[in-house]
Amino acid sequence: MPYINARHLQDRFQLPPALARDIAGERTRQALLRRWQPWAWLAGWTILLAATIAVGWLPPLHELWHRQPFALLSMIFVLYGWVGLGRWLAGPAMLSEAAAKARRLGLRG
């Protein structure tokens, strides 16, 4: 399944941009909060980071945050992965809701 976002919904179902963003945002939020896979992703990376600090491979977070860009880059990676996983899981729900809205509005799709 392709990566579904608001632009994809706009192009495929001829929805207004605000409605497409609303569908994509709401379905992504629901997938992130109600599915176990995003939480497993977040917990796994949190445990890995905590384990590397505990073992001594990385300095404590307060030092890591101020002295090394690794912490910021790893947080960006983890959060983008979390949102990406949520978008991927929400894809079918986004498509079905966009198709229903397009039918209701009388748009092609």
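So, how was this worked out
Residues numbered from 1 in each chain as written. Predicted model: local features only at pLDDT ≥ 70, side-chain atom pairs only at ≥ 80, totals over all residues. Heavy atoms only, no water. Helix = DSSP H or I, 4+ residues; strand = E, 2+ residues; numbered from the N terminus. Phe/Tyr/Trp six-rings, centres within 6.5 Å; stacked < 30°, edge-to-face > 60°. Buried < 20%, exposed > 50% of the residue type's maximum accessible area, 1.4 Å probe, protein only.

**Q** Please explain unusual backbone geometry as it appears in this structure.
**A** What you tend to see is this: most non-glycine residues have negative phi, and most peptide bonds are trans. Positive phi is not limited to glycine here, since Gln-14 has a value of about 60 degrees. Residue position: Gln-14 is located in the loop between α1 (6-13) and α2 (17-34).

**Q** Help me understand the packing of aromatic side chains, please; the structure alone is not making it clear to me.
**A** Each aromatic ring pair is summarised here by two numbers: the centre-to-centre distance and the angle between the ring planes. Tallied over the full model, the rule gives 4 aromatic pairs. The interplanar angle of 85 degrees and the centroid separation of 5.3 Å between the aromatic rings of Trp-45 and Phe-77 together place this pair among those described as edge-to-face. Taken together, the residues span a long stretch of sequence, with Trp-45 in helix α3 (residues 36-55) and Phe-77 in helix α5 (residues 69-105) at a distance of 32 residues. A relative accessible area of 46% places Phe-77 in the partly exposed class. One aromatic cluster in this structure is built from Trp-41, Trp-45 and Phe-77.

That is the geometry; function is a separate question.
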